[in-house]
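These are the residues of each chain, in order.
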Amino acid sequence: GDSVTQMEGPVTLSEEAFLTINCTYTATGYPSLFWYVQYPGEGLQLLLKATKADDKGSNKGFEATYRKETTSFHLEKGSVQVSDSAVYFCALRKGGYALNFGKGTSLLVTP
Amino acid sequence: SAVISQKPSRDICQRGTSLTIQCQVDSQVTMMFWYRQQPGQSLTLIATANQGSEATYESGFVIDKFPISRPNLTFSTLTVSNMSPEDSSIYLCSVMGQVATDTQYFGPGTRLTVL
């Protein structure tokens, strides 16, 4: 069945470091792909999305490109801030519109 | 984007009791879903709440344990029945306003602790 695999955390980076969080998927057809973020003590928020191959989603300095050939949707940011500390979830939309989430990757950015 | 509220925001319950969680949206939405996030885990879909008909449950979840109602296009409830400590989780309501947008929005969640 459809599934999402994320790199395991926690990931600890210094402020202004480059961030990559890997996400690969297994799915039939052409799913839509999403990154959600959960800040400490807050609810889940949509960060960015891509709906077809080669699309690039971007928001708040984060980017992810839908790579059909490698079935990947890696999240990147050129310079992280302390305020980016959160748990990041990769997800795909399967048939019926519900989301299938990865296990989440915890990011801690230190000053 | 839709504004979603959930009640209660948190609760502590005794084993064997039931809790009903409410989800209210500020606009009519096409789809409503209920997810569970167990401690330190990802989100797992419990069911799709269908307006005017029985919910569609995912594998491992049954109506007797998690009855769901959706009387209209802005409101849904999830009941966690005959609770045990293993039901301690965050329960989240999610909505999709228009299918064409392909975007789901999540409520703030209900943190449930079962003693």
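Heads up: the structure comes first, above all this text.
Here is what the cut-offs are and how they apply
Residues numbered from 1 in each chain as written. Chains lettered and ligands numbered in written order. Predicted model: local features only at pLDDT ≥ 70, side-chain atom pairs only at ≥ 80, totals over all residues. Heavy atoms only, no water. Helix = DSSP H or I, 4+ residues; strand = E, 2+ residues; numbered from the N terminus. Contact = heavy atoms within 4.5 Å. Salt bridge = Lys/Arg side-chain N within 4 Å of Asp/Glu carboxyl O. Buried < 20%, exposed > 50% of the residue type's maximum accessible area, 1.4 Å probe, protein only. Buried area = accessible area lost by both parts, 1.4 Å probe. Polar contact = N/O pair within 3.5 Å; in protein donor to acceptor, adjacent residues only side chain to side chain. Nonpolar A, V, L, I, M, F, W, Y, C, P; charged D, E, K, R; others polar.

Trainee: Describe the environment of A:T110, and please don't skip the residues or the numbers.
Mentor: Residue and element names in this part refer to chain A. Checked against the element boundaries, T110 lands in strand 12 (residues 105-110). Along the sequence, T110 and V80 sit 30 residues apart, while their C-alpha atoms lie 9.6 Å from each other. Filtering out sequence-adjacent residues up to four positions away, T110 remains in contact with T12, L13, S14, E15 and V82.

Trainee: Which residues make up the environment of B:I12, and what values do they have?
Mentor: Residues and elements named next belong to chain B. By the element assignment, I12 lies in strand 2 (residues 10-13). Residues I12 and T113, 101 residues apart in the sequence, show an inter-C-alpha distance of 4.7 Å. Among residues more than four places away in sequence, those in contact with I12 are T113 and L115.

Trainee: Tell me about the pattern of salt bridges, residues and numbers included.
Mentor: Residue and element names in this part refer to chain A. All told, the structure shown has four salt bridges over all chains when counted by the stated rule. Here E63 and K56 are joined by a salt bridge, their closest N and O atoms 3.6 Å apart. Accessibility expressed as a relative area gives 34% for E63, which makes it partly exposed. We note a salt bridge from K77 to D84, for which the minimum N-O separation is 2.7 Å. Grouping residues by exposure puts K77 and D84 together as buried.

Trainee: Describe in detail the interface of chain B and chain A, supporting the description with residues and values.
Mentor: Taken residue by residue, the interface counts 17 residues in chain B and 19 residues in chain A. Taken as a group, B:S42, B:D102 and B:F106 account for 34% of the area that chain B buries against chain A, more than any other trio of residues on that side. At the surface where chain B touches chain A, the tally comes to zero salt bridges. For the interface between chain B and chain A, the tally reads four residue pairs in polar contact (both at pLDDT 80 or more). Of all the elements in the fold, those that place two or more residues in the side of chain B that touches chain A are strand 4 (31-37), strand 5 (43-49) and strand 10 (104-106) of chain B. The element contributing the most residues to the side of chain B that touches chain A is strand 4 of chain B, with four residues. Across the side of chain B that touches chain A, the residue classes break down as nine nonpolar, six polar and two charged.

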